[in-house]
Amino acid sequence: MLRVEWLLAQSSSEGFSLPILAAAAAAGVVWLALAAAIALARRVPDVDAGPATQDLPPESPALASMLCDDFELGTEEVPATVVDLAARGVLELEEVQPGRTICRVRRPDPDGLTPYEQRVLESIAAKAIDGVVPAQALTTGPEAASRGWHRAYDKEVIAEAQARGLTYDRWPAGLVGLVGLGAFVVFGLIVLAGYVGGETTRDEIAPAVAAGGVAGVSVAALVGVSAAWQRSLAQLPTADGTRAAARCLGFQRHLHENEHFDHAPAASVVIWGRHLAYATALGAAAACVAALPMGAEDDRHAWSRHGGRWRKVRVRYPRGLPPGWGKHPAFALFLAVVWGGLAAAAVYGLVRVADAELTADPTFSREQLDWIGRSALIACIPFLVAIGWSLWVLARALPDLWQRREITGDVVRARRRRQIFASDGDDPKYWNYLAIDDGSSTRIRAFRVREDLYRAAPQGATVTVVVTPGLGHLREVRRERAPAG
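Please read all numbers here as calculations on a predicted model, not as lab measurements.

Colleague: Got a sec to walk through the overall build of the protein chain? Specific residues and values, please.
Modeller: Counting its secondary structure elements, the protein chain contains 15 helices and 13 strands. For the protein chain, buried positions account for 45% of its 485 residues. For the protein chain, the share of sequence-separated contacts (at least 6 apart) that also reach a separation of at least 24 residues comes to 74%. Entry remark: accessible area of the protein chain is about 24000 Å², with carbon and sulfur atoms responsible for 59%.

Colleague: A description of the sheet that holds strand β1 (residues 91–97) should follow, citing residues and the corresponding values.
Modeller: One open sheet holds the three strands; their spatial order is β1-β2-β3, and the pairing between them is antiparallel. Of all strands in the sheet, those with a lone pairing partner are β1 and β3 (132–134), marking the two edges. For this sheet, the mean angle separating the axes of adjacent strands, direction not counted, is 30°. Along the sheet face, helix α5 (residues 115–127) touches β1, β2 (100–105) and β3 and points at about 105° away from the line of β2.

Colleague: An account of the pattern of salt bridges is requested, with residue identities and associated values reported.
Modeller: Enumeration over the complete set of coordinates arrives at 18 salt bridges. For Arg-243, the salt bridge goes to Asp-240, with nearest N and O atoms at 2.2 Å. With Arg-243 and Asp-240 both in helix α9 (residues 239–257), this residue pair falls three residues apart, about one helical turn. A single salt-bridge network, built from bridges that share partners, covers Asp-69, Asp-70, Glu-72 and Arg-314.

So, how was this worked out
- Residues numbered from 1 in each chain as written.
- Predicted model: local features only at pLDDT ≥ 70, side-chain atom pairs only at ≥ 80, totals over all residues.
- Heavy atoms only, no water.
- Helix = DSSP H or I, 4+ residues; strand = E, 2+ residues; numbered from the N terminus.
- Buried < 20%, exposed > 50% of the residue type's maximum accessible area, 1.4 Å probe, protein only.
- Contact = heavy atoms within 4.5 Å.
- Areas by Shrake-Rupley, 256 points an atom, 1.4 Å probe, with all protein chains shown as cover.
- Pairing = 2+ DSSP bridges.
- Axes fitted to C-alpha atoms, helices over the stretch in contact; angles between N-to-C directions.
- Salt bridge = Lys/Arg side-chain N within 4 Å of Asp/Glu carboxyl O.

This is the structure:
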């Protein structure tokens, strides 16, 4: 308390207090390092698959899917639950003609269902007429309602996993609150630095801008991390969960060795029984997932068989990060020079405004000049970010003018994303993305490509592409194999 009173007594109502700004920047860096250490300590462990086996695991298909997918839930679990209910006689899946399946509710009020199985059954029963609903109508409502439905389903699956002692939250409320507290502390120090003020000389302008920029970026990063952790449903395994995951991975290996599952229709559950439900959940029955739209194909998770072995990959569709992704190197260099130059000029002008020597201007009062100077320093932050963006793009784009590399792999996702700022209601514009798995990683960054290249590489095809290594600019596509089916 005495320290705060002393600081207030020393206030000169000019600029920001450089020591407090430096403390805010240091606190932000320390808290970000702490968040990074927490994320590293709580990363999902690798689980080695057990021996291949055809024995059904004691876990439900939905639980088995989560255990085999780094303890996260995708979209195969819902259609797998539908098939599992059919295998257990609660529903009936009947193919009335090739490519057309109907779902019939046989037992509308069975005993022994889990909450998420009951949720699926109630959703189907609500759409059924005389107990029958076409498979194509098995949806979960409009986009917003569907997201809420699936999130509630996922929470119920997770609740069962935790009740069985298999998993626990990766990001508990205590850790989320700790990271959020860091954002609050750093922001409070920034506010205190402005309230206390200080004599900011010409030599101190650059350190003040740098410290303020680091502190401001730290607040934004901590808020983003805290929000992401709060939304996440990610889990970590207990010792029992690790053993269960190894067992389910061994069963998954057996299912992927049987090629009949991949094209088996949903109605063939009368032949395969619960094995087809687990094959649906574990990525070995693509036809079932396609036939039951309650679990539409996931944009960000895909099954790939590149290299002759099935595995699940995660796909990201870059928009702003990494900077310049997908752009032609020459165009990226041009943008970097233009935006970097404009941002540097803006920072120079703002620093001049914040310079203590300008406070002698009689047009404004001392207090007004003080707030103008502080605002100018704060306004430097986005331009400093733009300069950082430009330097990054310059470093990546310059070598791309002459460097090339070839990638051969399977197109696991071909997607279009609507551009936010370049579109209007009557003439929307899209970015085209190709996610290509070459077997090098389970995390794939999709390439943003021209329309003609996008059309030349349909999902499921095996292609060889020529790209630049820095910005991922795709220059050429050669199809090696047409998509299956």
